[in-house]
Amino acid sequence: MIATEKVQERVQIPLAVEILSAERIAYLEGLVNQAKTAAAVFTQFTQADVDRIVKAMVLAGLEQAQHLARLAIEETKLGVLEDKILKNMVATEFVYNYIKDKRTVGIIREFPERNLIEMAEPIGVIFSVTPVTNPTSTVLFKCIMAIKTRNAVIFSPHPKAWHCCSEAVRIMYEIAVKHGAPEGVFSCLESPTLLDNAFLMKHKDVGLIDATGVPGMVKAAYSSGKPALGVGAGNTPVYLEKTADLNTAVVDIIVSKTFDNGTICASEQTVVIDDEIYDAALQKFADLGAHICNEKETKKLERTVIDPQTGFMQPMAVGQKAIDIARFAGLSVKPHTKLLIAPIHGVGREHPLSVEKLFPVLAVYPAKSVAEALRVCVDVNHAGGIGHTAVIFSRNEEVIRKFGDVMNAGRIIVNSPGSIGALGAVYNDLVPTFSFGCGTGGGNSTTDNVNIFHYLNIKRLARRTQTHMWFRIPNQIYFNMNAVENLRQFPSQSTIIVTSPLLEQMGMVDIVRRHICPKTHIHVQVIPDAEPEVKVISQGVEALNFYKADQIIALGGGSVIDAAKIMKLKYESPEADLEYLAAPFLDLRKRVVEYPTEKVNRARLIAMSTTSGTGSEVTPFAVLTDKASGRKVTLADYSLTPDVAIVDPQFVMSMPKGLTADTGIDCLTHALEAGVSNYASPYTDSNAMQAIRLVFKYLPIAYEHPHDEEARCMMHNAACIAAMAFSNASVGVNHALAHAFGARFGVPHGRANALMLPHVMAYNAAVPTKFMPSPYTQGYVAHKKYATVADLLGLGGHTVDEKVKNLIQATEQLLDQLGFPKSIAELGISREQFERAVPELAGIAFDDPSWRSNPRMPLMSELVELFWKAYEGRGVAKGAASQPQTV
Amino acid sequence: MKDEAWRRVPRLSHKLCREMVKLMAMTAVFLNVDEARIVPTLREAGEKLDGTEREVTLDLSSVLRIDGSALRAMEELASIAEGKNVKVNLRGVNVEVYKVLKLVKLTRRFSFVN
């Protein structure tokens, strides 16, 4: 940091308005107004307009490169004329080469595959502070960037470089206006002061502060509360590793460190050299014109170029030639010495030359190992150079990557000169710049090479994307009477039949056994007909292992099939952690947990349901109970879906009436909820609608005439078809309520569904209090879909409201016909008992993932209301929920 | 009911309507602004505001872009109009020009009509 900058840091921005004279404030306000008007007018310009102006400015900059460089040298007394000319040319020609084809007006980039368009919005007025070290090149660079992006700039050059900078601004301004740029687009503060800067940094019409090079100003810019690009000091470590091409490395370092007498803040400061090549490297430096200081000379140099009080470089040394610095320090060097090299033995205040030195003095450090070298480089990086630049010369890719990993630097330059490398577009493909972002480590907002895109607000025009949807079901489904015969086509050495004691007693297992391929070894694993427990699963997996099963046949209701799914999972992937796999999720396809794909064993799972409701034979869900912990674990993943489903109604012919009704209404609820689900698709709709039609037609017959084969067959198909719908579209609020209520009061799932169903339909058909965000649907359609169902069932009605009402009424009639209680109260649950339970039930229902796809987002109070409606009982005339007021 | 309510609404006589139209014509100035002559036209509009008109309407339909001098002229016109309590309507302003006026905070000083 240069001594004068410490003064700048002490200036308090809020004081500026109080201290500045009225005339000065009027002057500054005038500049801002002029810039604001220019920026406003500029918004009307097209890409062609700005490109035309930019090209003219670049040509003018190239033409004036030498003139401006001379002015800079004369005024600042820093640097090398020839290098300053080059810098001016890089700032124009190289920058132009990078930006000429870039779009900065209107649409700047399009991503059709993402339905995204990026559009440019100018910033408006930019207040720019420019440095003494790279004065005219920085101004040229910023002028070109500003025009390319349709912004106006007020410049505040470093006072010691004001004349050359104001001349650069004048040249750029005149050529820009001549080619159509708005008047007032650039201005340069007359006799800029820190108070002026403070005032402008706080000005409401200044959109961005771009402060380059002066740490105090950078800090002030960030403290102003305005968006700022502040880029500042560095302390570039260089690792010269033993595999490097020494000739190239030494030349590159000399080129870089002597370029413009080391005024570029990305230039090399301390070179850490592997011991093996240390002497050879120093010899090479000496051969090419560097003076290697001995210990005494190093001490003299330290005292001359580093301020002992602050530990920072002396301003008088900045940008001076090596021979002049040697003369100040009292060193005797050869006349054409380019560089002074001073060996150091550490980094920090005790080693003064380890800091940033913007002049041709380079510290060198011998390292005994890669580890030591990297450590020292980290030390240098952290001694004032965080986020800036680091350099490595090496042919060892591993070391290069390690270096990149441990350096906190926006630019890590490999096998090329640090300063010119960091400027970009000369030695590498970095974006050309005269402002180096140093990231948060340097107190900056970016690590980028500041470029045109930092002078733009980039707007993103995001169109609604058509979300990918899915429809996943088992590979094969066999249905209708005697579909079990299809078992013959599945060869197996060893098959386990998982079933319940009752089904075995009823002889159903024997039916299955008869149809399994001959010569197959068959073992029957009988499990309790209840939600599967961990112990039951473990026993099943033991049997699978013992018999080396290659096929599992699940014969039973939902619980048996669920058990078989989990047995298969644990058999194939013994390491599967069921608790972990049961982690909550919002979208089945975006689950955080991953189900195992590596399998120790493989077994085909064939599911045959003996009830017509759950549809577990085609679903990707399984529920497990851990009695020890009292917890219920719900597993959901498409890998759980059985490989084959056999939907044979002969296994349901003897279902009792109550079970027929309960499972039948469960099936209807699946279909109705999938039908209005936010995840519904034409694929699931076709299944849901067909299932509803079949239930309304055949469930009453199957209930009244259990031996009616057609009715049983159709209900069995309906359950499977509804399950295909909800496996892919999910269910809704009805299931959430039924799960909570059923578990609390021991009511069978189908019955609990039945108690809620009419109320939930009315609720979903009404105008939602809160819409559920859903990229899958367009508008609110639940009521219309209910109306479509009503049409399908031929229920009549002219309006959507009438049709919804008729559907609810038809559902209630069906429930009555099946002998379901009309209310929770009818179950014998007292009002007081229910009142006590409801708050907790609402909480449990809200946590249930089932409703996440519900078309209407339930509020907790609405869940409570729905519970109470179910308690009071159904009847279309009862309550507002049964009187849908559709969207 | 509707008919009764309608009958109770006080209505202007044809004579009164004719008088009002005449008055409106007297108190309004209409000017077409040509893009090539924005500044002189705006100055002319300013000069016409002698206090007898209550409203001046400038048609900017043919103005595709405005520059800094036009903005200054508009600001001057706005100041004159405000001083004389005259409403300035801008008709047919395209959105690009409207955005420029918005950025320099001039929109609040004019009324915009289609």
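Procedures and definitions
Residues numbered from 1 in each chain as written. Chains lettered and ligands numbered in written order. Predicted model: local features only at pLDDT ≥ 70, side-chain atom pairs only at ≥ 80, totals over all residues. Heavy atoms only, no water. Helix = DSSP H or I, 4+ residues; strand = E, 2+ residues; numbered from the N terminus. Rg over C-alpha atoms; globule rule 2.2 N^0.38 Å. Buried < 20%, exposed > 50% of the residue type's maximum accessible area, 1.4 Å probe, protein only. Domains from an automatic or database assignment. Phe/Tyr/Trp six-rings, centres within 6.5 Å; stacked < 30°, edge-to-face > 60°. Pairing = 2+ DSSP bridges. Axes fitted to C-alpha atoms, helices over the stretch in contact; angles between N-to-C directions. Contact = heavy atoms within 4.5 Å. Polar contact = N/O pair within 3.5 Å; in protein donor to acceptor, adjacent residues only side chain to side chain. Buried area = accessible area lost by both parts, 1.4 Å probe. Salt bridge = Lys/Arg side-chain N within 4 Å of Asp/Glu carboxyl O. 1 Å grid on protein atoms, 1.4 Å probe; cavity = no way out; pocket = protein on both sides within 12 Å on 5 of 7 lines; lining within 4 Å. Points joined across faces, edges and corners; volume = space filled by probe spheres on them. Nonpolar A, V, L, I, M, F, W, Y, C, P; charged D, E, K, R; others polar. Core = buried A, V, L, I, M, F, W, Y, C linked by side-chain atoms within 4.5 Å.

**Quick word on the overall build of chain A**
Helix and strand content of chain A: 31 helices and 23 strands. Taking 29 Å as the expected radius of gyration for a compact globule of 887 residues, we find that chain A reaches 40 Å, considerably beyond that expectation. A principal-axis box enclosing the C-alpha atoms of chain A has dimensions of 115 × 65 × 50 Å. Classification of the 887 residues of chain A by burial places 59% in the buried group.

**Quick notes on the domain arrangement of chain A**
Assigned domains within chain A: domain 1 (43–231), domain 2 (236–418), domain 3 (476–650) and domain 4 (656–882). Taking the mean C-alpha position of each, domain 1 of chain A and domain 3 of chain A sit 70 Å from one another.

**Quick look at the packing of aromatic side chains**
Residues and elements named next belong to chain A. Using the criterion set out here, one finds 19 aromatic pairs over all chains in the structure. With centroids separated by 6.4 Å and ring planes inclined at 75°, the aromatic side chains of F834 and F867 adopt a geometry described as edge-to-face. Pair noted here: F834 is in helix α30 (residues 831–847) and F867 is in helix α31 (residues 860–872), with a separation of 33 residues, a long-range link. No difference in accessibility class separates F834 from F867, as the two residues are buried. Seen in terms of ring centroids, W868 and Y871 are 5.4 Å apart; in terms of plane orientation they differ by 70°. Their pairing is edge-to-face. A residue pair is termed a helical-turn pair when its members lie 3 or 4 positions apart in one helix, as W868 and Y871 do in helix α31 at 3 residues. Counting every residue linked through ring pairs, the aromatic cluster contains F741, F745, F834, F867, W868 and Y871.

**Considerations on the sheet that holds strand β14 (residues 409–414) of chain A**
Residues and elements named next belong to chain A. If you walk across this open sheet you meet the 7 strands as β10-β11-β12-β9-β8-β13-β14, and the pairing is parallel. Among the strands making up the open sheet, the edge pair consists of β10 (290–292) and β14. Taken over all neighbouring pairs, the strand axes of this sheet differ in orientation by 25° on average, direction set aside. Relative to strand β12 (residues 361–367), strand β9 (residues 268–274) runs parallel, the two sharing 5 bridges. Pairing of D274 across the sheet is with A367, part of β12. Its contacts with the sheet place helix α12 (residues 275–287) against β8 (236–240), β9, β10, β11 (339–343) and β12, and it is angled at close to 130° to β9. Its contacts with the sheet put helix α13 (residues 295–305) on β10, β11 and β12, and the angle it makes with β11 is roughly 110°.

**Observations concerning the side chain of A:H735**
Here A:H735 shows up in helix α26 (residues 733–745). Here the side chain of A:H735 touches A:E673 through a polar contact of 2.7 Å, side chain to side chain.

**Concerning the interface of chain B and chain A**
Taken together, the contact pairs 14 residues of chain B with 12 residues of chain A. Of the roughly 960 Å² buried at the junction of chain B and chain A (both faces included), carbon and sulfur atoms supply 54%. The largest per-residue losses of area from chain B upon contact with chain A belong to B:R65, B:K99 and B:L103, which jointly make up 46% of the total buried on that side. Seen at the junction of chain B and chain A, the total is 4 salt bridges. For A:D49, the salt bridge is made with B:R65, and the minimal N-O distance between the two is 2.2 Å.

**A look at the environment of A:I73**
Counting through the fold element by element, A:I73 comes out in helix α5 (residues 65–76). If sequence neighbours within four positions are ignored, A:I73 has contacts with A:L78, A:G79, A:V80, A:L81 and A:K84.

**Here we look at unusual backbone geometry**
Positive phi values are uncommon outside glycine, yet A:S191 reaches one of about 40°. The topology assignment puts A:S191 in the loop between β5 (186–188) and α9 (194–202).

**Regarding empty space enclosed by the protein**
Residue and element names in this part refer to chain A. Inspection of the entire model under this criterion finds 5 cavities of 30 Å³ or more. Each pocket or cavity is described by its volume, and for the second largest cavity that value is around 90 Å³. Lining the second largest cavity, in full, are K565, K568, L569, E572, S573, Y595, P596, K599, S639 and L640. Residue classes in the lining of the second largest cavity are distributed as 4 nonpolar, 2 polar and 4 charged.

**Some words on the environment of A:P775**
All names here are of chain A. Checked against the element boundaries, P775 lands in the loop between α27 (749–765) and α28 (782–792). Here P775 falls in the partly exposed class, since its relative accessible area comes to 47%. With 308 residues separating them in the primary sequence, P775 and T467 have C-alpha atoms 6.8 Å apart. When residues no more than four places from it in sequence are discounted, the contact partners of P775 are R464 and T467.

**A word on the sheet that holds strand β15 (residues 456–462) of chain A**
Residue and element names in this part refer to chain A. Spatially, 3 strands are ordered β1-β2-β15 in an open sheet, and the strand pairing comes out antiparallel. Two strands in the sheet have a free side with no partner beyond their single neighbour: β1 (107–111) and β15. Taking each pair of neighbouring strands and ignoring which way they run, the sheet shows an average axis angle of 25°. Two strands pair when backbone bridges link them, and strand β2 (residues 116–122) and β15 are joined in this way by 7 bridges, in the antiparallel orientation. Bridge pairing in β15 places A120 opposite I458.

**Focus on the nonpolar core**
Among the nonpolar cores identified, the biggest contains 156 residues, and A:M57, A:I147, A:F186, A:L301, B:L58 and B:I66 are the most heavily contacted of them. Of the residues forming this core, the biggest block, 10 residues, is contributed by helix α3 (residues 22–42) of chain A. Here this core spans two domains, since at least three of its residues come from each of domain 1 (43–231) and domain 2 (236–418) of chain A. If we skip the residues at most four places from it in the chain, B:I66 touches A:V41, A:Q44, B:I38, B:L71, B:M74, B:V97, B:V100 and B:L101. Listed in part, the 59 residues of the second largest apolar core include A:Y703, A:M761, A:V789 and A:I808.

**Some words on the environment of A:A383**
Residue and element names in this part refer to chain A. One can find A383 in the loop between α15 (370–382) and β13 (387–393). Classification of A383 by relative accessible area gives partly exposed; the value is 26%. On a C-alpha basis, the gap between A383 and E356 in space is 8.5 Å, while along the polypeptide they are 27 residues apart. When sequence neighbours within four positions are dropped, the list of residues in contact with A383 reads N235 and V347.

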